[in-house]
Amino acid sequence: MRIGVVTGAYHPDVGGVETHCRRLCAALVAAGDQVEVLTQHATAAEETLDGVLVRRFPLTVPAANYRF
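Residues numbered from 1 in each chain as written. Predicted model: local features only at pLDDT ≥ 70, side-chain atom pairs only at ≥ 80, totals over all residues. Heavy atoms only, no water.

Participant: Before we go on, may I ask you to explain the sheet that holds strand β1 (residues 2-6) in this structure?
Facilitator: Read from one edge to the other, the open sheet built from four strands follows the order β1-β2-β4-β3, with strand pairing classed as mixed. Unpaired on one side and paired on the other, β1 and β3 (45-49) mark the two borders of the sheet. Pairwise comparison of adjacent strand axes, ignoring direction, gives a mean angle of 20° for this sheet. Examined bridge by bridge, β3 and strand β4 (residues 52-58) share five bridges and lie antiparallel to one another. Bridge pairing in β4 links A45 to R56. Helix-sheet contacts for helix α1 (residues 16-30) involve β1, β2 (34-41) and β4, and the interaxial angle to β2 is about 160°. (Pairing = 2+ DSSP bridges. Helix = DSSP H or I, 4+ residues; strand = E, 2+ residues; numbered from the N terminus. Axes fitted to C-alpha atoms, helices over the stretch in contact; angles between N-to-C directions. Contact = heavy atoms within 4.5 Å.)

In structure tokens, the structure reads:
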């Protein structure tokens, strides 16, 4: 199954939501699912972390603590 996860931040950012999403994605990958995370960061990037495709889109506002 293909699963998309949308979150305000993702690993390596540190926090409760980031940790929860990372563990959730790891469990989904272990179950054989294809997981993609869509998030925002200061700079755009695309990488694969622990079998999860992470697409980081640039922030659209100047304040890092006001993401979406």
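Let's pick the thread back up.
Participant: When you look at the pairing of β4 in this model, what are you seeing that I'm missing?
Facilitator: Summarising the sheet, β2 and β4 pair through six bridges and their orientation is parallel. In the sheet register, L38 faces β4, and the bridge partner there is R55.

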